[in-house]
Amino acid sequence: MDFSQFLALHEEISLVAALVLLLVYDLFAPEKGRRHIPLVACLLLLAHTVFCACDFAASTGCPAAAGSRTAFAGMYDASQAALLFKNILNIGVLLVCLQACPFLRREDNGIKAGEFYFLLFSTLLGMYLMLSAGHFLLFFIGMETASIPMASLVAFDKHKTQSAEAGAKFILSSAFASGLSFFGLSLIYGGTGSLYFADIQSGLTATPLLLGGMVLLCSGLFFKISLVPYHLWAADVYEGAPTPVTTYLSVISKGAGVFALCLILTRAFPLFIEAWQTALYVLILLSITVGNLFALRQKNMKRFLAFSSISQAGYIVLGVFAASPAGLTALMYYIFVYILSNVAAFGVVQLVEQHAGRTDMAAYNGLYKTNPKLSVILMFALFSLAGIPPFAGFFSKFFIFAATAESGAYVLLLIALLNTVISLYYYLLVVKAMFILPPAEPADVPAFKSEAAPKFVLVVCTAGILLAGLVSCLYALIDRTVLLG
Amino acid sequence: MFNSCYTALVPLLPLFSFILLIAFGLRLPGKWAGYIGSVLTGIAAVAAYYTAWTYFSLPLDADGTRPAVEILSWEWLRFTPLLAIRLGIYVDALSAMMWVVITTVSLMVHIYSLGYMAGEKGFARYFAFLGLFSFSMLGLVVAPNIFQTYIFWELVGVSSYLLIGFYYTKPEAVSASKKAFIVTRFADLGFLIGILILSYFTGTFDFQTICGSAQDAAGVGGALFAPALQASFLGLSALSWAMLLIFMGCAGKSALFPLHIWLPDAMEGPTPVSALIHAATMVVAGVFLVARLFPVYALMTPGVLEVIAYVAAFTSLYAAVVACVQTDIKRVLAFSTISQIGFMMVALGVSGYGGHAGEGYTASLFHLFTHAFFKALLFLCAGAIIHTVHSNEMKAMGGLRRYMPVTHLCFLVGCLAIAGIPPFSGFFSKDGILAASFAFHPCMGILMTAIAGLTAFYMFRLYCRIFHGPYSGDTAAAQAEHAEAGHHTPHEAPAVMTAPLVFLAVLSLLTGFIPFGDFLSSDGLPHAFPLQTAVAVCSVLTALVGIGIALYAYGRGPRPAFQRMADQPNAFLRAAKNRFYIDRFYLFITHRIIFQGISTALAWFDRHVIDGVVFGSGKLTEKIARKIRIIQSGQLQTYALILLLGVLCLIGLVLYL
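What counts, and at which threshold
- Residue positions are counted from 1 within each chain, in the order its sequence is given.
- Labels are handed out in written order, letters beginning with A for the chains and numbers beginning with 1 for the ligands.
- Thresholds applied to this predicted model are a pLDDT of at least 70 for local features of residues and 80 or more for the giving and counting of side-chain atom pairs; totals over whole chains, interfaces and linings are not thresholded and use all residues.
- Helix and strand labels come from DSSP, where a helix needs a run of H or I of at least four residues and a strand needs a run of E of at least two; each type is numbered from the N terminus.
- For this measure, only C-alpha atoms enter the radius of gyration; the expected value for a globule follows 2.2 Å times N^0.38, where N is the number of residues.
- The exposure label follows from counting other C-beta atoms within 10 Å of a residue's C-beta, where the C-beta atoms are placed from the backbone and the thresholds are 20 or more for buried and 12 or fewer for exposed, leaving partly exposed in between.
- For every residue pair, C-beta atoms are placed from the backbone, and the pair is scored as a contact if these atoms sit within 7 Å.
- Angles shown run from 0 to 180 degrees and are taken between the N-to-C directions of axes, each axis being a line fitted to C-alpha atoms and, for helices, limited to the stretch in contact.
- Each residue gets one label: Ala, Val, Leu, Ile, Met, Phe, Trp, Tyr, Cys and Pro are nonpolar, Asp, Glu, Lys and Arg are charged, and the others, such as Gly, are polar.
- By convention in this section, buried Ala, Val, Leu, Ile, Met, Phe, Trp, Tyr and Cys residues joined through C-beta atoms within 7 Å make up a nonpolar core.
- Here, expected helix span is obtained from the residue count minus one, scaled by 1.5 Å.
- Bend angle per residue: angle between axes fitted to the 7 residues ending at that residue and the 7 residues starting there.

## With respect to the overall build of chain A
For step 1, the next point in the chain: The number of helices and strands found in chain A is 20 helices and 2 strands.
For step 2, the next point in the chain: For 485 residues, the compact-globule formula gives about 23 Å, and the C-alpha radius of gyration of chain A, at 22 Å, lands near that figure.
For step 3, the next point in the chain: Principal axes of the C-alpha set define a box for chain A whose edges measure 70 × 60 × 45 Å.
For step 4, the next point in the chain: Out of the 485 residues in chain A, the part that is buried amounts to 60%.
For step 5, the next point in the chain: Of the contacts made within chain A by residues no fewer than 6 positions apart, 78% connect residues no fewer than 24 positions apart.

## Details of the overall build of chain B
For step 1, the next point in the chain: Counting its secondary structure elements, chain B contains 27 helices and 4 strands.
For step 2, the next point in the chain: Across the 657 residues that make up chain B, the buried fraction comes to 54%.
For step 3, the next point in the chain: Intrachain contacts of chain B at a sequence separation of at least 6 include 78% that bridge at least 24 residues.

## Things to note about unusual backbone geometry
For residues other than glycine, phi is negative in most cases, and the peptide bonds are mostly trans.
Residues and elements named next belong to chain A.
For step 1, the next point in the chain: Of note, the amide linkage connecting Val-228 to Pro-229 takes the cis form, showing an omega dihedral of 5°.
For step 2, the next point in the chain: Within the secondary structure layout, Pro-229 lies in the loop between helix H9 (208-225) and helix H10 (232-240).
For step 3, the next point in the chain: In this structure, Ser-226 takes a positive phi of about 60° despite not being glycine.
For step 4, the next point in the chain: Summarising the element assignment, Ser-226 is placed in the loop between H9 and H10.

## Re the environment of Leu-509 of chain B
Residues and elements named next belong to chain B.
For step 1, the next point in the chain: With respect to the element layout, Leu-509 can be found in helix H21 (residues 495-510).
For step 2, the next point in the chain: On a C-alpha basis, the gap between Leu-509 and Leu-643 in space is 72 Å, while along the polypeptide they are 134 residues apart.
For step 3, the next point in the chain: Beyond its immediate chain neighbours, meaning those up to four positions away, Leu-509 contacts Val-413, Phe-424 and Ser-425.

## Details of the packing of helix H4 (residues 80-105) of chain A against helix H20 (residues 473-484) of chain A
Residue and element names in this part refer to chain A.
For step 1, the next point in the chain: Two numbers describe how H4 lies on H20: the axes approach to 7 Å, and their chain directions differ by 145°. For the pair H4 and H20, the contacting residues are Gln-80, Ala-81 and Leu-84 in the first and Ile-478, Thr-481, Val-482 and Leu-484 in the second.
For step 2, the next point in the chain: Tallied by class, residues from the contact of H4 with H20 come to 5 nonpolar, 2 polar and no charged.

## A short note on the interface of chain A and chain B
How big an interface is tends to be reported as the loss of accessible area on association of its parts.
For step 1, the next point in the chain: Residue-level contacts link 45 residues of chain A with 35 residues of chain B.
For step 2, the next point in the chain: If you list the elements that add at least two residues to the side of chain A that touches chain B, you get helix H7 (161-192), H9, H10, helix H12 (273-296), helix H17 (392-407) and helix H18 (410-435) of chain A.
For step 3, the next point in the chain: Residue contributions to the side of chain A that touches chain B peak at 9 residues, all from H7 of chain A.
For step 4, the next point in the chain: Taken together, the residues that form the side of chain A that touches chain B break down as 35 nonpolar, 6 polar and 4 charged.

## Brief notes about the nonpolar core
For step 1, the next point in the chain: The biggest cluster of nonpolar side chains holds 422 residues, and the ones touching the most others in it are Val-154 and Val-317 of chain A together with Val-290, Ala-376 and Leu-377 of chain B.
For step 2, the next point in the chain: Setting aside residues up to four positions removed in sequence, Val-154 of chain A forms contacts with Ser-163, Ala-166, Gly-167, Phe-170, Val-237, Ala-241 and Val-245 of chain A.

## Looking at the environment of Glu-31 of chain A
All names here are of chain A.
For step 1, the next point in the chain: With respect to the element layout, Glu-31 can be found in helix H2 (residues 31-34).
For step 2, the next point in the chain: Given 6 C-beta atoms within a 10 Å radius, Glu-31 is considered exposed.
For step 3, the next point in the chain: As a C-alpha pair, Glu-31 and Ile-111 span 80 residues in sequence and 9.9 Å in three-dimensional space.

## Some remarks on helix H16 (residues 359-389) of chain B
Residue and element names in this part refer to chain B.
For step 1, the next point in the chain: With 31 residues, H16 extends 43 Å from end C-alpha to end C-alpha; this agrees with the ideal 45 Å at 1.5 Å per step.
For step 2, the next point in the chain: Its axis deflected by about 30° at His-371, H16 carries its strongest bend there.
For step 3, the next point in the chain: In terms of residue burial, H16 counts as a mostly covered element, since 29 of its 31 residues are buried.
For step 4, the next point in the chain: Two residues or fewer after H16 comes His-390, characterised by a positive phi angle close to 60°.

So, in structure tokens, the structure goes:
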């Protein structure tokens, strides 16, 4: 075997290297040095991020290297867009890692900090494999690598019943969804005789067996993206999991899932476009509407954001539905903006939880009086999620809607737009609680100063929310890359 | 020649004022925040006048039209070779006129607020928001493409939300600002879809391209609109849908029936804000946008334009009737604004394109121009009155002319202008509108003349109730109450507040004499519209009758006969007082049906289906189950079941659809 093929896997190798270095440091560092594990992990990830960015810049710079990168007889097949998307994920993960620092400095977590980052990086590795697969075997290995460590992360606060319960729920429902996917895959294999995306595409015939197989296969991803009716785990797990893990689940895991969905549908099943558009139509409709309606009546911030993220997932999948380069561009841009907005929102939730021990919405009454800066940041994040200009969220929604309009689904577009009004209502509820309702006496959340790392994350996210829409080079970059293929 | 430096200053100075005051406002001593805001707005106003002056003195093109000038065009995003989003400043007759209106009223409101808001908590914040609002409004009217219009349109919405909710400790103010925001957002949905459809079919966002092609429908322009005209949906062409949906956005901002419900409530904001936003600038944004896209409306989709005329005429009538029975002086002014915007929209709706047929277009914008000044004047006067009486209710007033002579005179000028009495400005612009309505259909003309009569009646009812009759504070009981509350006898407002009043009163007297047709007409060619004597005589007589009835009924305090009539259990009067129950209807829809209905259904679903499936046999099992299981794995099985059912449904859907 020609081992030099491995060299095509730049990002994966770099990430594995970071992983191994972290593991080694965790094992051999002296007691004093162990305190710095979060810092070391973030630095390693930063190095990895920079490396990936340089790699991406180099490959776009030279036209010969651009386009797909393949290895192992096409099992690994990373497009330029996937490469860019990995960079977007890197940035997101870096933000989440920084945000997790105070959580890991907590007394009882100190000893586990290394594990936390190790597991986090492993899931990222799984997502990489998912995004650059050209064969369903690799795709599945990636998906499972992304899921199983995730479950242990969800159960990270293992002494808390809620966290342990959430972990169990996650792993069981995830296993169930994977089972469905495997079943679907076996049907596809039976029908076409291959697991290569390219072979499947040429061997497809519109038989019920293959159509059913496709739906089952996609179920695993629908589960990851938490589209309705695959969403039931989301609220419980989001609520039970430690907040940094919830953040990770809601942005990175979801984003990678949508991109992977887009990848397999366009690469392996382009012939079934009508079938999967019908399926997505219904799922989007349900997710946006049900997510919104349930978000209206939540009393807990984390559950509230869980339902809000279910409806956001519906909007993101609109980009897959559009099935065009414009749709893919809009989708990647949307995910980037969504990462910034949601990390900012969860960042504030995490800080409030850390300093006041509360995640219920009543704790946010009058937050402006005690912590004005945090309230303003949360307001920006929610406005961005609601899609109000000039925040970045408006532009991402606009591009997604423009792509949908191009595909001609006007009724779906209208319903999606109507839902933005409903969502505006509940996002405003939180804003109202923070700015208008009087705080309890004494205030539930005392005025506090946050640590440097989460503060930095919040500043970066806020700047991103304010600027990502107005600075057009980002969208232009994604657009160029998508057109390259 | 055209100097783009000054022009760019116009929107940027208010933005600078906003940033400055947000950043340092709290640290500024005394009224410095107000002074800074006013001076920056003043400079912006001068720059806007200069821009308008240089623009209107540009040489005419060979075909007699005035060329539009586009300065500062920055390509922001390119979708396709044709479809690009640009940000820029587009100066033509319409936007130059709007700039003059906006900066003038904004400056007056700034100066007036120095007195009105003195000592209020959040003085600096207030001026910062005024700056933000002025910036968004100025950016909106100079947008070279519909996308920029949309962005600024929403920004205007956000900043007006902040301003209406300025007294955020008052629950009414908060709910009013929320209502305004959500109602207009709902309308903006239609606007956004309209933009998407229009740009999808025509491949451009540019006003110049869109309007130019509409004017040139036989040639190249026909090709631009052909796909949009051919595609049809529910019996209307895609272009008609797009234009209707864009009009929906306009109706939301301009408070046309049935989207008008937010405007009366928005009166909870500070009164100078009402003068700026709800009289002169934001609410006419809808009129502005229809005027901006007028060639498309008039030449490509005349049917839609007719719909606009009917909606607007009904709005105008409805609001005028409601205004007659309101007792809160700001609400009267709010409904009168709705009615007057109806006039402007009617004029656009009945107008044709070019030459004499285009008179309605010119009259509409002329009315926009004059109305901005006299309505701002009326609102600012109302502010001065409320400031001294500490109430919005008519019954707390009466006989104030002795205490506030300057305000009294200014208010009278405003009333005469809005009633359409020569030589005040409203007479000239309203005459144009009525003439155009008569030219459209005599019935429309008669209806609008009657509404003009109603306008004269309710405005003079308001005037008499405030300034004539006995002063309610003269009774001993009222005096004791006043003394208790620390109030004083009414007095004239300070000079910083009366000076803007006098200035606006002078404008209300003079602006009518501007030969407006020379500057603005539907096809860009200067066109003089002579006064229509017959129409003018009719309308003045009707207005005088309205004024006469008002003076007779309320001149020396409300006459008992009228009072009895008003107190009678008359279904129509009661309905009018309740604004014909439109608000109740919305409340019913939103609260009863949407919130209660759906959320009850959801709660039921949550409890009975999701939980119920788990603990199917009732509460007892639930309790036992909780005790036995640390992890509620039962719920998990349900999740899996629902997931599986979902998959099966989806497969069925994919196979059989």
